[in-house]
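As a plain string of letters, each chain reads:
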Amino acid sequence: MGKDDPEILEESLSASMQEISRMKSLVQEMLDLSRAEQVDVHYANETTKGKEVTYQVYNNFKILYPDYVITLDDDLTKEVTLQIYRNHFEQLIIIILDNASKVLQLQRKEVHISISSTLNEFEIAIQDFGEGIPKEDLNKIFNRFYRVDKARARTKGGNGLGLSIAKQLVENYKGRILAESVVGQGTIFRIFIPIAKTEDK
């Protein structure tokens, strides 16, 4: 479109590149979802260090979003070994932080992360201070392709698969993911990952 008009051609190419980028992202997320469903086959015995990975992603996120206020509360007195593949644990945290960064684009740019553990589980909680999720949407946000704000979803670049991937990953590692939200105040995601049985208590 617009091959004889440089201005229209530039707009056409730009729109095409945006759509290609969106489709690439969608295909990658579909592949991630497919892999998440095969955790038991390929990653059943994988473990990772909870504190180390959390701090790594936290520090990376601070570099990527220098205008955000990001805090990390660490209630752990020592490292804990989690029953999850390192890349998958990183992906889980990144999905939630990426989700927070999108909803905070026009909101209060602040994210609070906390980590703690019980005898058997590691918990990471990620809190944003965005617009929040209506009660009627809260139990649907982990569904594939579901987006709370459909009007702005495309401008934010989301395909509605990130949280579905996160839920699939967590549950395949025998963990849990929960969301709490208040409209106008923000959302907290809590991820619980089993501590490896080999962990020295």
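The coordinates are above.
Since we're looking at a predicted model, the values are computed, not measured.

Let's talk about the nonpolar core
In summary, soluble globular proteins display a tendency toward joint burial of nonpolar side chains.
Turning to step 1, where the next piece is worked out: Counting 40 residues, the largest nonpolar core has F89, L92, I113 and F122 as the members making the most contacts within it.
Turning to step 2, where the next piece is worked out: Contributions of two or more residues to this core are made by α3 (50-64), β2 (69-74), α4 (86-103), β4 (108-117), β5 (121-129), α7 (162-172), β6 (176-182) and β7 (186-194).
Turning to step 3, where the next piece is worked out: If one sorts the elements of this core by residue count, α4 sits on top with seven residues.

Some details on the packing of α4 against α7
When two helices pack together, their arrangement is given by the angle between the helix axes and by the axis-to-axis distance.
Turning to step 1, where the next piece is worked out: Contact geometry of α4 with α7 gives a least axis separation of 9 Å together with a crossing angle of 145°. Our pair here, α4 against α7, has a crossing hand that is left-handed. Between α4 and α7, the contacting residues are H88, Q91, L92, I95 and I96 on the first element and G162, L163, I165, A166, L169 and V170 on the second.
Turning to step 2, where the next piece is worked out: Of the residues that constitute the contact of α4 with α7, the class distribution is eight nonpolar, three polar and no charged.

Some thoughts on the sheet that holds β4
Turning to step 1, where the next piece is worked out: The mixed open sheet is built from five strands, whose spatial order is β2-β4-β5-β7-β6. Two strands bound the open sheet, and with one partner strand each, they are β2 and β6. Going across the sheet, the axis of each strand differs from the next one's by a mean of 15°, ignoring polarity.
Turning to step 2, where the next piece is worked out: The pairing of β2 with β4 spans six bridges and is parallel. Bridge pairing in β4 places T71 opposite H112.

Quick word on the packing of aromatic side chains
Turning to step 1, where the next piece is worked out: Scanning the model with the defined rule gives six aromatic pairs in all.
Turning to step 2, where the next piece is worked out: Relative to Y65, the ring of F61 has its centre 4.5 Å away and its plane inclined at 35°; by these criteria the two rings are tilted.
Turning to step 3, where the next piece is worked out: The exposure class of F61 is buried, given its relative accessible area of 7%.
Turning to step 4, where the next piece is worked out: With 6.3 Å between their ring centres and 85° between their planes, F142 and F189 make a pair best called edge-to-face. Here F142 is found in the loop between α5 (135-138) and α6 (150-156), whereas its partner F189 is found in strand β7, with 47 residues between them in sequence.
Turning to step 5, where the next piece is worked out: A residue is classified by how much of its surface remains accessible, and F142, at 13% relative accessible area, is buried.

Here we look at α4
Turning to step 1, where the next piece is worked out: Between its terminal C-alpha atoms α4 stretches 26 Å, which fits the 26 Å expected from 18 residues at 1.5 Å a residue.
Turning to step 2, where the next piece is worked out: Residues of α4 that are buried: H88, F89, E90, Q91, L92, I93, I95, I96, L97, A100, S101 and V103.

Things to note about the environment of L76
Turning to step 1, where the next piece is worked out: Examined against the element boundaries, L76 turns out to sit in the loop between β2 and β3 (81-82).
Turning to step 2, where the next piece is worked out: Residue L76 is classed as buried on the basis of its relative accessible area, which comes to 10%.
Turning to step 3, where the next piece is worked out: As for L76 and T118, which are separated by 42 residues in sequence, their C-alpha atoms are 9.9 Å apart.
Turning to step 4, where the next piece is worked out: If we skip the residues at most four places from it in the chain, L76 touches K51, I115, S116, S117 and F122.

Parameters and conventions
- Residues numbered from 1 in each chain as written.
- Predicted model: local features only at pLDDT ≥ 70, side-chain atom pairs only at ≥ 80, totals over all residues.
- Heavy atoms only, no water.
- Core = buried A, V, L, I, M, F, W, Y, C linked by side-chain atoms within 4.5 Å.
- Buried < 20%, exposed > 50% of the residue type's maximum accessible area, 1.4 Å probe, protein only.
- Helix = DSSP H or I, 4+ residues; strand = E, 2+ residues; numbered from the N terminus.
- Axes fitted to C-alpha atoms, helices over the stretch in contact; angles between N-to-C directions.
- Left-handed = near helix turned anticlockwise from the far one by under 90°.
- Contact = heavy atoms within 4.5 Å.
- Nonpolar A, V, L, I, M, F, W, Y, C, P; charged D, E, K, R; others polar.
- Pairing = 2+ DSSP bridges.
- Phe/Tyr/Trp six-rings, centres within 6.5 Å; stacked < 30°, edge-to-face > 60°.
- Expected span 1.5 Å × (residues − 1).

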